Amino acid sequence: MTPGARMSAAITLLSRLDGPDAPPADKLLADWARANRYAGSKDKSAIAAMVYGCLRRRGQIDWWLSRCKGDEPAARPRLLVWMQLAGEAALSDLERFCSGEKFDPPPLTPVEKRVAVELSAQKGFDLSCQPVSIGGNMPVFLEQDLIALYGAETSRQLAAHDAEAPVDLRVNTLKADRDTVRAALAEAGIDSAPTPYSPIGLRLTERKPLSGTAVFKDGLIEPQDEGSQLAALLVEAKPGMKIVDFCAGAGGKTLALAATMNNTGRIIACDVSEARLKRAGQRLKRAGAFLVERRPLSSERDKWVKRRAARFDGGFDRVLVDAPCSGSGTWRRNPDQKWKLTPDGLAEVMQKQSSVLESAARLVAPGGRLIYVTCSILKQENEDRVDAFLAEHGDFYAHPVSEIWSETLPDVAFPGAPENPYLRLTPADHGTDGFFVAVLGRKLT
Ligand SMILES: C[S@@+](CC[C@H](N)C(=O)[O-])C[C@H]1O[C@@H](n2cnc3c(N)ncnc32)[C@H](O)[C@@H]1O
């Protein structure tokens, strides 16, 4: 494909990603690649770079469009600006690529040309005059919350969300150890390095397809961000325990718990999405995890939860609530999601988090633990939810995560603030997705 034809494809895809009902970007790109077999791997990665680049830097792009009095923000003007911001094309390249011939986009309009000339005159695209949320490519309505959270560190923290996330793998210790898997991957031409914190993680040095490899097909690995691996390890699941994974989804953490328990004990994997639980079933089979029962719930207040509540049934040693959330910690991977978040959507998800926590807490045995995890960086989804829960539930207390860390990962320095009972992970500080982990112990009496 010519550079112009790649731009045309990217514009088509970006225009399909606008609006609240747009499909997820990764799915759209995968569907497009399947339907357009003529595109080679270099074309596909160039198109993906354009689409993801525009999604990642949409805040800055729209600001420059407005500042230069360009067209209303839409797929084509955004792509044109991104190509200059990202150093992918100078004005003369844009004029050449947009030839209007065959599959190339139509020539630049006078407005587009004027914007491109103004951008060409910018030295280094200085961010200092932009509001923090714009420079950090975050939804503007979150600006004050993010500044309150990160203070002087805000720009550094937000900038890390613009980078491409690495590919992390969790080694399935039911089947192999990390060194064996690393060697097998190297033999298949895939280089990796041990993850800095997780003792069962590998990070690819270069993005390569994994689904055709024997280690993947035989269930020796699962793609899983290192932060997610750490959250699962902090459940401190042990062989023989009874555990509920309340929001199990497609089983990312369920699989990790099953491996930690060495397939001994019982895990009940719940979710309101039957489709996700079904996908979990396939992954559990591949991983050789046999201790998991999958249980679809009608809602967090499903009758099953009441029946299995600790006061009737003795309860569970661990209840993991990997809560539905804004996903703001994963916006490196899913930058399209950040532009779909609204204040109402955030309020709704916070209400759901409290309700799920409240209901799942009934399952925790006295002396057991309720582990609340989100892949969000926002305080209102994390500390605020947990603090509100603790204020209402005198029978629970915050068990310092640093203590659990030193029991579970004694050879790795605790990466959080020891005075904080919870753990926050961020792309800027840890190279992981953004995660929050709180461990709430239930008192014995
Ligand atoms: C963050 S995802 C879970 C990811 C999964 N634990 C993993 O590690 O791959 C949150 C999950 O919560 C589920 N969920 C949403 N509302 C729920 C509810 N009311 N009760 C239980 N699960 C719910 C969603 O379907 C989604 O699968």
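Residues numbered from 1 in each chain as written. Predicted model: local features only at pLDDT ≥ 70, side-chain atom pairs only at ≥ 80, totals over all residues. Heavy atoms only, no water.

Novice: Honestly, the overall build of the chain in this entry has me stumped. Any pointers?
Specialist: Broken down by element type, the chain carries 22 helices and 12 strands. Taking 22 Å as the expected radius of gyration for a compact globule of 445 residues, we find that the chain reaches 24 Å, a close match to that expectation. Each principal axis of the C-alpha atoms in the chain carries an extent, and together these give about 75 × 50 × 40 Å. In the chain, which comprises 445 residues, the proportion classed as buried is 54%. Here the analysis covers contacts within the chain between residues at least 6 apart in sequence; of these, 72% occur between residues at least 24 apart. Total accessible area on the chain is roughly 19,600 Å²; 53% of this is exposed by carbon and sulfur atoms. Of the charged side chains in the chain, 59 are positive and 57 negative; the average position of the first set lies 5 Å away from that of the second. (Helix = DSSP H or I, 4+ residues; strand = E, 2+ residues; numbered from the N terminus. Rg over C-alpha atoms; globule rule 2.2 N^0.38 Å. Buried < 20%, exposed > 50% of the residue type's maximum accessible area, 1.4 Å probe, protein only. Contact = heavy atoms within 4.5 Å. Areas by Shrake-Rupley, 256 points an atom, 1.4 Å probe, with all protein chains shown as cover. Lys, Arg positive; Asp, Glu negative; His and termini not counted. Charge placed at Lys NZ, Arg CZ, Asp CG, Glu CD.)

Novice: Sorry, what's going on with the site of the ligand here?
Specialist: Taken together, 16 residues lie near the ligand, and C247, D271, R276, E300 and D322 sit nearest. A248 has a polar backbone atom sitting 3.4 Å from a nitrogen atom of the ligand. Between D271 and the ligand, the recorded distance is 2.6 Å, taken from a side-chain N or O atom to an oxygen atom. Isolated, the ligand exposes 600 Å² of accessible area, and the fraction of that covered by the protein chains is 83%. (Near = heavy atom within 4 Å. Polar contact = N/O pair within 3.5 Å; in protein donor to acceptor, adjacent residues only side chain to side chain.)

Novice: Help me understand the sheet that holds strand β2 (residues 192–194), please; the structure alone is not making it clear to me.
Specialist: The pairing of strands in a sheet happens through backbone hydrogen bonds and is either parallel or antiparallel. Taken in spatial order, the four strands line up as β2-β3-β1-β4 in an open sheet, and their pairing is antiparallel. Taken across any chain shown, the strands that pair with only one partner, and hence form the sheet edges, are β2 and β4 (221–223). For this sheet the average axis-to-axis angle between neighbouring strands, irrespective of direction, equals 30°. Bridging between strand β1 (residues 168–171) and β4 involves three bridges; their strand directions are antiparallel. Directly across from L169, in β4, lies its bridge partner P223. Those strands touched by helix α13 (residues 226–233) are β1 and β3 (201–204), and its axis lies near 35° from that of β1. (Pairing = 2+ DSSP bridges. Axes fitted to C-alpha atoms, helices over the stretch in contact; angles between N-to-C directions.)

Novice: Quick question: what am I supposed to make of the UniProt feature "binding site: S-adenosyl-L-methionine" (unreviewed entry) in the chain here?
Specialist: Per the UniProt annotation, the sites labelled "binding site: S-adenosyl-L-methionine" (unreviewed entry) are D271, D302 and D322. Taking relative accessible area as the criterion, D271 reaches 8% and is therefore assigned buried. Here D271 is in contact with F246, C247, A248, G249, L277, R295, P296 and L297, once residues within four sequence places are set aside. A distance of 2.7 Å separates a polar atom in the side chain of D271 from the backbone nitrogen of G249. For D302, the position within the fold is in the loop between β7 (292–296) and α16 (303–307). (UniProt positions renumbered as here; feature names shortened; annotations may be inferred.)

Novice: Teacher, can you tell me more about helix α20 (residues 383–392) here?
Specialist: Structurally, the α-helix is built with 3.6 residues per turn, so residues lying three or four positions apart point the same way. When α20 is considered as a whole, its buried residues turn out to be E383, R385, V386, F389 and L390. Projected down its long axis, α20 carries its buried residues within an arc of 165°, all on one side. Facing away from the buried side of α20 by more than 90 degrees, the exposed set consists of A391 and E392. At its buried positions, α20 is contacted by α19 (343–360), β9 (364–374), β10 (396–398), β11 (423–425) and β12 (435–442). (Arc of directions from axis to C-beta.)

Novice: Just to check I follow, could you spell out the environment of R178 for this structure?
Specialist: By the element assignment, R178 lies in helix α11 (residues 178–187). As for R178 and D191, which are separated by 13 residues in sequence, their C-alpha atoms are 13 Å apart. The residues touching R178, leaving out its near neighbours within four places in the chain, are V171, P194, T195, S198, P199, I200, G201 and L202. Here P199 takes part through its backbone oxygen, which lies 3.4 Å from a polar atom of the side chain of R178. A distance of 2.9 Å separates a polar side-chain atom of R178 from the backbone oxygen of G201.

Novice: I'm lost on unusual backbone geometry in this one. Help?
Specialist: Generally, phi is negative for residues other than glycine and the peptide bonds are trans, each holding for most cases. We note that E236 has phi near 50°; this positive angle belongs to a residue other than glycine. Relative to the helices and strands, E236 resides in the loop between α13 and β5 (242–245). For E236, a relative accessible area of 8% puts it in the buried group. Phi is positive for N263, close to 65°, though the residue is something other than glycine. Within the secondary structure, N263 is located in the loop between α14 (252–260) and β6 (266–271).

Novice: I keep staring at the packing of aromatic side chains and nothing clicks. Help me out?
Specialist: Given two aromatic rings, their pairing is described by the distance between the two centres and the angle made by the two planes. Scanning the entire structure with this criterion turns up five aromatic pairs. Judged by centre distance (4.9 Å) and plane angle (85°), the ring pair of W63 and W64 falls under edge-to-face. Measuring from ring centre to ring centre gives 6.3 Å for Y372 and F436, while their planes differ by 70°; the resulting arrangement is edge-to-face. Taken together, the positions of Y372 in strand β9 and F436 in strand β12 put the pair 64 residues apart, joining distant regions of the chain. Here the aromatic residues Y372, Y422 and F436 are joined through ring pairs into a cluster of three or more. Directly above the aromatic system of F316 lies the positively charged group of K242, at a separation of 5.2 Å from the ring centroid. Positioned above the aromatic ring of F216, the side-chain terminus of R286 is 4.2 Å from the ring centre. (Phe/Tyr/Trp six-rings, centres within 6.5 Å; stacked < 30°, edge-to-face > 60°. Lys NZ or Arg CZ within 6 Å of the ring centre and 35° of its normal.)

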